Amino acid sequence: GDQITKGPYTFHGKVGLAPEWKHGLCDEDCQEWVSACLLARTNETGATVSIDMRAGHPAIGTAAGNATFTEQEAAFFGNLFANPPVAFSCMGSEWENALYLKRSCANTAGGCSIGTADYLNCFYQCAPSAEGVFVDCPDTMYTHLGPANHYPAITTYLPVWWTTL
């Protein structure tokens with residue numbers, strides 16, 4: 001429910017990921033959390049789809065916010081403030097459910113301008129928590145080409161698609 005004004009822009013907050021931004025700069029950690037949140041809420045179809053965001057950030061937490069959100073869609077991570085911006089997603093265990101809900105940014109078929117991590121499925125490279133939340137995701141699995149950058153991630157959960165009909 002807080003807001004910050006930077007220049008001519010006012011940003012209305014809801015989650016509480018970047019309280020330090022109100023009175024100072026949004027450092028790299030802040031930028032990565034804000035980016036993950038924006039990416040997690042992106043939907044190329046324009047359809048409004050309710051999501052449950054879970055993360056290793058105290059403002060969000062790893063527990064389910066609603067018991068009906070049981071389908072692990074994806075993890076979103078990157079830094080939209082970087083030059084050039086970097087944005088990634090990888091698929092969760094029930095990513096196909098998103099297609100039925102008209103949400104398509106979590107998989108390789110999506111055209112959201114979010115790069116799908118080269119390992120596609122989050123289970124291949126992201127560090128999971130005990131609660132089924134991906135807390136750390138690298139931008140590549142091909143570390144022989146150079147070291148991977150690691151980002152905090154927001155894992156999204158969806159309701160089972162047929163319960164939304």
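Fair warning: this is a prediction, and the values are worked out from it, not measured in the lab.

**Thoughts on helix α1 (residues 28–40)**
Every α-helical turn comprises 3.6 residues, leaving residues that sit three or four positions apart pointing alike.
Next, step 1: Over its 13 residues, α1 extends 18 Å from the first C-alpha to the last, a length consistent with the 18 Å expected when each residue adds 1.5 Å.
Next, step 2: Among the residues making up α1, those that are buried are Cys-30, Gln-31, Glu-32, Trp-33, Val-34, Ser-35, Ala-36, Cys-37, Leu-39 and Ala-40.
Next, step 3: At the N-terminal end of α1, a side-chain oxygen is found 3.3 Å from the backbone nitrogen of Asp-29, two or three residues along, and the residue is Asp-27.

**Re the pattern of salt bridges**
Next, step 1: Tallied over the full model, the rule gives three salt bridges.
Next, step 2: For Arg-54, the salt bridge identified is with Asp-52, shortest N-O distance 2.9 Å.
Next, step 3: Relative accessible area serves as the criterion here: at 6%, Arg-54 is assigned to the buried category.

**Remarks on the sheet that holds strand β7 (residues 127–128)**
Next, step 1: Pairing is antiparallel across the open sheet formed by three strands, whose spatial order is β7-β8-β9. Sheet topology places β7 and β9 (150–151) at the edges, where each strand pairs with a single neighbour.

**Regarding the packing of aromatic side chains**
Next, step 1: Overall, the coordinates contain seven aromatic pairs when judged by the stated rule.
Next, step 2: Their ring planes at 20° and their centres at 5.7 Å tell us that Phe-11 and Trp-21 sit as a pair that is stacked. Of the two residues, Phe-11 is situated in strand β2 (residues 9–12) and Trp-21 in the loop between β2 and α1; the sequence distance between them amounts to ten residues.
Next, step 3: The class for Phe-11 is partly exposed, based on a relative accessible area of 38%.

**Remarks on the state of the cysteines**
Next, step 1: Following the criterion strictly, the structure yields three disulfides and no others.
Next, step 2: Paired by a disulfide, Cys-26 and Cys-30 hold their sulfur atoms 2.0 Å apart. On the sign convention where negative means left-handed, the S-S torsion of about -95° between Cys-26 and Cys-30 marks this disulfide as left-handed. Taken as a pair, Cys-26 and Cys-30 share a single burial class, namely buried.
Next, step 3: What pairs with Cys-126 in a disulfide is Cys-137, and their sulfur atoms sit 2.2 Å apart. Here Cys-126 and Cys-137 share a disulfide; its torsion about the S-S bond, 120°, makes the bridge right-handed. Here Cys-126 is found in the loop between β6 (115–121) and β7, whereas its partner Cys-137 is found in strand β8 (residues 134–138), with eleven residues between them in sequence. Summarising the burial analysis for this pair, Cys-126 and Cys-137 share the class buried.

**A closer look at the confidence of the model for the protein chain**
Low-pLDDT portions of the prediction should not be read for the details of their coordinates.
Next, step 1: Confidence in the prediction of the protein chain, expressed as mean pLDDT, is 84, and 92% of residues score 70 or more.
Next, step 2: Mean pLDDT values over the elements of the protein chain span from 76, in β6, up to 94, in strand β3 (residues 52–55).

**A word on the pairing of strand β4 (residues 69–79)**
Next, step 1: For β4, a buried count of ten out of eleven residues is recorded, marking the element as mostly surrounded by other parts of the structure.
Next, step 2: Pairing geometry for β4 and strand β10 (residues 154–159), over six bridges, is antiparallel. Residue pairing for β10: Phe-69 is matched across the bridge by Pro-159.
Next, step 3: In sequence, β4 turns back onto strand β5 (residues 86–91) through a hairpin of six residues.

Parameters at a glance
- Within each chain, residues carry numbers counting from 1 in the order of the written sequence.
- Whole-chain, interface and lining totals are the exception, using all residues; otherwise, since this is a predicted model, local features are given only for residues with pLDDT of at least 70 and side-chain atom pairs are given and counted only at 80 or more.
- Side-chain numbers come from the whole structure's heavy atoms, not from hydrogens or water.
- Helix and strand definitions follow DSSP, with helices as H or I runs of at least four residues and strands as E runs of at least two, each counted in order from the N terminus.
- One less than the number of residues in a helix, times 1.5 Å, gives the span that helix is expected to have.
- Summary of the burial criterion: residues with accessible area below 20% of their type's maximum are buried, those above 50% are exposed, and those between are partly exposed, where the area comes from a 1.4 Å probe applied to protein chains only.
- Here a polar contact is taken to be a pair of N or O atoms separated by no more than 3.5 Å, where protein atoms must pair a possible hydrogen donor with a possible acceptor and residues adjacent in sequence count only if both atoms sit in side chains.
- By definition here, a salt bridge exists when the distance from a side-chain nitrogen of Lys or Arg to a carboxyl oxygen of Asp or Glu is within 4 Å.
- At least two DSSP bridges between two strands are needed for those strands to be called paired.
- Note on aromatic contacts: the rings of Phe and Tyr and the six-membered ring of Trp form a pair at centre separations within 6.5 Å, being stacked when their planes are under 30 degrees apart, edge-to-face when over 60 apart, and tilted otherwise.
- Defined by distance alone, a disulfide is two cysteine sulfur atoms within 2.5 Å.
- Each residue gets a pLDDT score, which is the predictor's confidence in that residue and runs from 0 to 100.

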